[in-house]
2 protein chains.
Amino acid sequence: MTTTNSVFIATSLDGYIADRHGGIDWLHATPNPNGSDLGYGVFMSGSDALVMGRNTFETVCGFDGPWPYEQPVFVLSNRLLQIPPEYADKAKLVQGPLPEVLAQLHRLGHRSLYIDGGRTIQAFLREDLIDELIVTRLPILLGGGIPLFGDLPEHLDWTHVSTRVWLDALVQSHYRRVRKGVPRVC
Amino acid sequence: MTTTNSVFIATSLDGYIADRHGGIDWLHATPNPNGSDLGYGVFMSGSDALVMGRNTFETVCGFDGPWPYEQPVFVLSNRLLQIPPEYADKAKLVQGPLPEVLAQLHRLGHRSLYIDGGRTIQAFLREDLIDELIVTRLPILLGGGIPLFGDLPEHLDWTHVSTRVWLDALVQSHYRRVRKGVPRVC
């Protein structure tokens, strides 16, 4: 059965997911009078589970309001010793090499995974484990901050699936990974 | 009279204009059976002159075939002592602070400037001297190389003008700089 690891994320034109001070206010600077979710709902409805790093998990824990995910969340961290008890029914800690983590989630029946958080996405990309990339570019240059992409051992080619402009400002492009003749193992 | 400094450039999804070895083969990897110029001709027809750095100038000098520009080229360099004699009718050396260079080109009647080359674009952006940004994203992650964007002293906001997908693969977005209430001086 097919498995898919997907990224759905917003960046500045210069590829940052947070500014130099970790700030993400600029993500909400575009007027959005009808409260469009920019395709997030449709994307989420196709996801079985989330995989995120400790930083993203702690950021989400700090949000006001109810827990934002219906799907199970797996927190990928070798530093976190346990999920705080108040989140124990929402998130589970996973550790170890990514192919093993993925095999574990697939065994649990989670086949369409939403991979979130800068470091986690970079770790997956370094091992060529991302299949789908949906990047929404906001019309701002931050000039520094936390980058979405990092170093890679080799070039990764993608197929352009579609591009849509939201709110007359945000350019969302959907890419699918092209792996020439080499089936992915895990 | 209005003056405009424009960028028209292609990057990888992770924002590089050349790979780790300075290579740009990936720029030509997308099948282009009808030889589309990806909007370059229309863009160039609106440009009075080019401003580029030494690196870009030397790269262009190394291309096979005839000199590619009809417009005058100004090479911005504090290291180059003179333009090689064989290019003396094609390019001129300009030096000094960017606002002075711009004033000089405006006095010569060049008001719509095509700013090219990574370092030159970064230098213009650091002084908030780019008005128009046309970036074409190719569906590849290079994972390292020469970045288009660099550090900035402050965030720069843009208006999205239009986005067009070329060859079912290349996402070209056109942005215009928004300067709130502060007219640009030079």
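Since the structure is predicted, the reported quantities are computational estimates derived from the model, not experimental observations.

Draft legend 1. Looking closely at the overall build of chain A. Looking only at helices and strands, chain A has four helices and 11 strands in total. In terms of overall dimensions, chain A is globule-like: its C-alpha atoms have a radius of gyration of 16 Å, near the 16 Å expected for 186 residues. Considered along the principal axes of its C-alpha atoms, chain A spans approximately 45 × 40 × 30 Å. Buried residues in chain A amount to 35% of all 186 residues. In chain A, 70% of the contacts between residues at least 6 apart in sequence involve partners at least 24 apart.

Draft legend 2. Spotlight on the interface of chain B and chain A. Contacts between the two partners involve 28 residues from chain B, matched on the other side by 28 residues from chain A. Elements that contribute at least two residues to the side of chain B that touches chain A include exactly β8 (140-141), β10 (156-166) and β11 (170-177) of chain B. With seven residues, β10(B) is the single largest residue contributor to the side of chain B that touches chain A. Grouping the amino acids of the side of chain B that touches chain A by side-chain chemistry returns 15 nonpolar, eight polar and five charged. By the bridge criterion, two bridges tie strand β8 (residues 140-141) of chain A to β10(B) in an arrangement that is antiparallel. Bridge assignment links Ile140(A) to a residue of β10(B), and that residue is Asp157(B).

Draft legend 3. Geometry of the sheet that holds β8(B). One open sheet accounts for nine strands, arranged β5(A)-β4(A)-β3(A)-β6(A)-β1(A)-β7(A)-β11(A)-β10(A)-β8(B); its pairing is mixed. Where the open sheet ends on each side, the last strands, each with one partner, are β5 (91-94) of chain A together with β8 of chain B.

Draft legend 4. Representation of the relation of the copies chain B and chain A in the model. Screw-axis analysis of chain B against chain A gives a translation of 0.0 Å along the axis, an RMSD of 0.0 Å, and a rotation angle of 180°. Overall, the copies show the geometry of a two-fold rotation axis. Using C-alpha coordinates, one finds that chain B approaches the rotation axis most closely at Gly15(B), a distance of 3.5 Å. By residue overlap, the copies meet face to face through one surface: 100% of the interface positions of chain B are interface positions in chain A.

Draft legend 5. Quick look at helix α4 (residues 118-126) of chain A. Residues and elements named next belong to chain A. Within α4, the full set of buried residues consists of Gly-118, Thr-120, Ile-121, Phe-124 and Leu-125. The arc that holds the buried residues of α4, viewed along the axis, is 170°, so those residues lie on one side. Positive backbone phi, at 55°, marks Asp-128, one or two positions downstream of α4.

Draft legend 6. Molecular detail of the environment of Gln104(A). All names here are of chain A. The topology assignment puts Gln-104 in helix α3 (residues 98-107). Note on Gln-104: 14 C-beta atoms within 10 Å, which makes it partly exposed. Note: C-alpha distance between Gln-104 and Val-94 (10 residues apart in sequence) is 9.1 Å.

Draft legend 7. Up close: the sheet that holds strand β7 (residues 132-138) of chain B. Strand order in the open sheet made by the nine strands is β8(A)-β10(B)-β11(B)-β7(B)-β1(B)-β6(B)-β3(B)-β4(B)-β5(B), with mixed pairing throughout. A strand with exactly one partner marks an edge of an open sheet, and here the two such strands are β8 of chain A together with β5 (91-94) of chain B. Helix α2 (residues 54-61) of chain B rests against β3 (49-53), β4 (73-76), β5 and β6 (112-116) of chain B of the sheet, and its axis sits at about 105° to β3(B).

Draft legend 8. Local environment of the environment of Leu148(A). Residues and elements named next belong to chain A. Within the fold, Leu-148 resides in the loop between β9 (146-147) and β10 (156-166). For Leu-148 and Thr-120, which are 28 residues apart along the polypeptide, the C-alpha to C-alpha distance reads 9.8 Å. Those residues in contact with Leu-148, other than ones at most four positions away along the chain, are Ile-9, Thr-11, Gly-15, Ile-17, Gly-118 and Ile-121.

Draft legend 9. Geometry of unusual backbone geometry. In this structure, Leu38(A) is a non-glycine residue whose phi angle is positive, near 55°. Here Leu38(A) is to be found in the loop between β2 (16-18) and α1 (40-45). Given 18 C-beta atoms within a 10 Å radius, Leu38(A) is considered partly exposed. The backbone of Leu167(B) sits at a positive phi, close to 55°, despite the residue not being glycine. Residue position: Leu167(B) is located in the loop between β10 and β11.

Draft legend 10. Quick look at the pairing of strand β1 (residues 4-12) of chain A. All names here are of chain A. Bridge count between β1 and strand β6 (residues 112-116): three bridges; the pairing is parallel. Directly across from Ser-6, in β6, lies its bridge partner Tyr-114. As paired strands, β1 and strand β7 (residues 132-138) are joined by seven bridges and run parallel to one another. Among the inter-strand pairings, Ile-9 is bridged to a residue of β7, identified as Val-135.

Conventions used here
Residues numbered from 1 in each chain as written. Chains lettered and ligands numbered in written order. Predicted model: local features only at pLDDT ≥ 70, side-chain atom pairs only at ≥ 80, totals over all residues. Helix = DSSP H or I, 4+ residues; strand = E, 2+ residues; numbered from the N terminus. Rg over C-alpha atoms; globule rule 2.2 N^0.38 Å. Buried ≥ 20, exposed ≤ 12 C-beta atoms within 10 Å, placed from the backbone. Contact = placed C-beta atoms within 7 Å. Nonpolar A, V, L, I, M, F, W, Y, C, P; charged D, E, K, R; others polar. Pairing = 2+ DSSP bridges. Least-squares fit on C-alpha atoms with pLDDT ≥ 70 in both. Arc of directions from axis to C-beta. Axes fitted to C-alpha atoms, helices over the stretch in contact; angles between N-to-C directions.

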